[in-house]
Amino acid sequence: MQTLLLWLFYISSFYAFIPGMISRIFGYRVFRKGTGRNEFALTFDDGPDPRFTPLLLDLLKKYDAKATFFVVGSNAERYPELIQRIHEEGHLIGIHNYVHKTNWLMRPATVRRQIQRTNDIIYNIIGERSTYYRPPWGIVNLFDISKRRQVEIVLWSVMFGDWREKLGAQRLTEKMLARLNPGEVMLLHDSGTTLGADPDAPENMLLALELTLQEAQRRGLRSIRVDDMIKMAEQSPIRRLSFGKRVLVGLWLAWEQVFQALFQLKTINPVDPFMHYRMRKYHGEPVELGDGTLLSKGDKIIELHIDNRQLFELGIHSRSSAQLAIRMIRRMEKGLPMLAEVIAKDVNLAQAKALYGVSMINRGPEKFGFSVHDLPDGIFARSTKFYLKILLSVIHPDGGARLKERSEVLVPKLILMPVSELLKKMNQQLPHDERSVRKHKPQQEEALSLNDSRTEVELPGATVTN
């Protein structure tokens with residue numbers, strides 16, 4: 001009996017658990033995240049539902065948003081008028097099996113019949129067949145990913161647990177706004193009748209969705225259909241990367257999330273998360289700052305970090321080094337005044353002596369008011385140089401060729417600026433606990449010349465070279 005159970009475990013792992021993990025973690029033979037710059041995708045499972053789907057369609061029409069509905073075949077069969085309306089209002093209809101049952105518990109032939117039966121129902125209603133399929137709970141088996149069976153398997157990049165009523169509309173809204181970013185494929189539910197769902201949970205979803213759509217309009221973001229997002233992804237420059245580079249990018253972006261959580265980085269502008277920071281103590285050798293003051297061990301500093309995902313997006317969509325440099329300069333010109341404003345409102349941050357960053361430096365930060373210093377030789381310097389060279393080979397338009405062309409200048413450097421200097425440049429005042437505030441005379445920011453195509457540009461926490 002024990003041997004039989006062990007064999008059942010092996011077979012089920014090979015048939016279902018392992019393929020499911022591979023598809024979810026590595027995205028193997030499934031679509032789960034796009035590459036849009038201003039687009040995200042709303043997807044809804046388990047409908048159509050006579051109570052909530054009409055309200056959802058009214059809401060989507062109000063904000064001119066397009067979505068994808070992965071319908072349960074038995075529900076589509078019961079409410080054909082809703083399927084017709086979804087289609088007429090320009091949304092995409094996908095397949096979610098005839099009954100909401102996991103593929104782990106069904107044979108391959110049974111899964112095929114579930115998909116075909118649902119597809120036939122959709123065709124009989126709207127005259128078109130669907131080529132997009134989302135297995136219930138996103139669970140695939142070995143045969144689901146071994147061949148596509150003329151359908152595209154669509155999962156998601158983020159889900160919110162909106163099938164639970166106790167989550168509440170406010171908490172759901174917070175979770176949705178936190179993940180409202182280009183390229184996201186959001187999973188929501190327009191029915192509460194499936195196993196494990198709360199019947200009234202979609203009420204919270206509708207409230208949260210309206211607030212999310214309002215914020216999306218404010219940010220210039222729009223929801224598009226999954227098929228349109230897939231087309232955009234296929235045309236993305238990321239497709240030109242080798243498999244090895246795509247793996248490297250995936251690991252790099254995953255490390256970004258771990259790093260931000262581990263060191264509790266804060267974002268200067270959550271709406272446009274380009275620059276992050278944290279306050280810590282300086283642990284290096286004494287360094288003289290640009291204003292003549294000395295930065296010593298134990299002094300408080302504000303450490304800057306450029307967002308890896310944003311950096312990669314800038315690099316991959318730039319046609320040349322010059323274009324990438326200009327884009328980086330513009331982002332820094334936008335970010336530094338915001339940082340100054342954050343510091344001016346925070347007494348604790350204002351106690352920091354300097355802004356701090358490490359970069360593969362050449363020329364450029366001085367134009368923002370930073371001073372450039374050699375990084376003392378050691379394990380940190382060598383590991384940083386290795387890491388930043390890999391980063392450069394990924395994000396730079398010229399890739400690894402740049403490493404060979406100018407390898408002698410690829411040396412990590414410290415870039416520092418007194419906090420008081422940043423506030424002075426941005427016409428901000430040092431915060432005080434008292435009402436009296438010391439005023440600083442505004443200092444005009446030095447203009448940046450972008451006419452020289454050979455200008456070397458390096459910015460805090462990033463490598464941008466020409």
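The following refers to the structure shown. (Residues numbered from 1 in each chain as written. Predicted model: local features only at pLDDT ≥ 70, side-chain atom pairs only at ≥ 80, totals over all residues. Heavy atoms only, no water.)

Some remarks on the packing of aromatic side chains
Two measures describe an aromatic ring pair: the distance that separates the ring centres and the angle between the ring planes.
Point 1. Summed over the entire model, instances satisfying the criterion amount to three aromatic pairs.
Point 2. Taking 6.3 Å as the distance between ring centres and 65° as the angle between the ring planes, the aromatic pair formed by Tyr 282 and Tyr 356 counts as edge-to-face. You can see Tyr 282 sitting in the loop between strand S10 (275-281) and strand S11 (287-288) and its partner Tyr 356 sitting in strand S14 (residues 354-360), a full 74 residues away along the chain. No difference in accessibility class separates Tyr 282 from Tyr 356, as the two residues are buried. (Phe/Tyr/Trp six-rings, centres within 6.5 Å; stacked < 30°, edge-to-face > 60°. Helix = DSSP H or I, 4+ residues; strand = E, 2+ residues; numbered from the N terminus. Buried < 20%, exposed > 50% of the residue type's maximum accessible area, 1.4 Å probe, protein only.)

Regarding the environment of Gly 250
Point 1. Along the chain, Gly 250 turns up in helix H10 (residues 243-262).
Point 2. A relative accessible area of 37% places Gly 250 in the partly exposed class.

A closer look at the packing of helix H2 (residues 53-62) against helix H8 (residues 201-219)
How two helices pack is summed up by the angle between their axes together with the distance between the axes.
Point 1. Two numbers describe how H2 lies on H8: the axes approach to 11 Å, and their chain directions differ by 10°. On the basis of their axis angle, the class for H2 and H8 is roughly parallel. Facing H2, whose interface residues are Leu 55, Leu 56, Leu 59, Leu 60 and Lys 62, H8 presents Leu 206, Leu 209, Glu 210 and Leu 213.
Point 2. Looking at the contact of H2 with H8 residue by residue, the class counts come to seven nonpolar, no polar and two charged. (Axes fitted to C-alpha atoms, helices over the stretch in contact; angles between N-to-C directions. Parallel < 35°, antiparallel > 145°, perpendicular 65-115°, else oblique. Contact = heavy atoms within 4.5 Å. Nonpolar A, V, L, I, M, F, W, Y, C, P; charged D, E, K, R; others polar.)

Brief notes about unusual backbone geometry
Point 1. Here the residue pair Gly 47 and Pro 48 is connected by a cis peptide bond, since its omega of 0° sits within 30 degrees of zero.
Point 2. Relative to the assigned elements, Pro 48 resides in the loop between strand S1 (39-45) and H2.
Point 3. A positive phi angle, close to 55°, is found at Asp 64, a residue other than glycine.
Point 4. Relative to the elements of secondary structure, Asp 64 occurs in the loop between H2 and strand S2 (67-71).
Point 5. By relative accessible area, Asp 64 is classed as exposed at 62%.
Point 6. Even without a glycine there, the phi angle at Trp 137 is positive, about 60°.
Point 7. What makes Trp 137 partly exposed here is its relative accessible area of 43%.

Regarding the side chain of His 91
Point 1. In this structure, His 91 sits in the loop between helix H4 (80-88) and strand S3 (92-95).
Point 2. Look at His 91 and you get buried, because its relative accessible area is 3%.
Point 3. Engagement of the side chain of His 91 in a polar contact is seen with the backbone nitrogen of Ala 67, the distance being 3.1 Å.
Point 4. When sequence neighbours within four positions are dropped, the list of residues in contact with His 91 reads Leu 57, Leu 60, Ala 65, Lys 66, Ala 67, Phe 69, Ile 86 and Arg 225. (Polar contact = N/O pair within 3.5 Å; in protein donor to acceptor, adjacent residues only side chain to side chain.)

What about the pattern of salt bridges?
Point 1. Summed over the entire model, instances satisfying the criterion amount to 19 salt bridges.
Point 2. Between Arg 51 and Glu 203 there is a salt bridge, with its nearest N and O atoms 2.6 Å apart. Here the residue Arg 51 occupies a position in the loop between S1 and H2, and Glu 203 occupies one in helix H8, the gap between them amounting to 152 residues.
Point 3. Since its relative accessible area comes to 41%, Arg 51 is described here as partly exposed.
Point 4. Since its relative accessible area comes to 38%, Glu 203 is described here as partly exposed.
Point 5. The partner of Lys 62 in a salt bridge is Glu 210, and the shortest N-O contact between them spans 2.8 Å. Taken as a pair, Lys 62 in helix H2 and Glu 210 in helix H8 lie far apart in primary sequence, 148 residues in all.
Point 6. You can call Glu 210 partly exposed: its relative accessible area is 22%.
Point 7. One connected set of salt bridges, linked through shared partners, spans Asp 58, Lys 61, Arg 85 and Glu 89. (Salt bridge = Lys/Arg side-chain N within 4 Å of Asp/Glu carboxyl O.)

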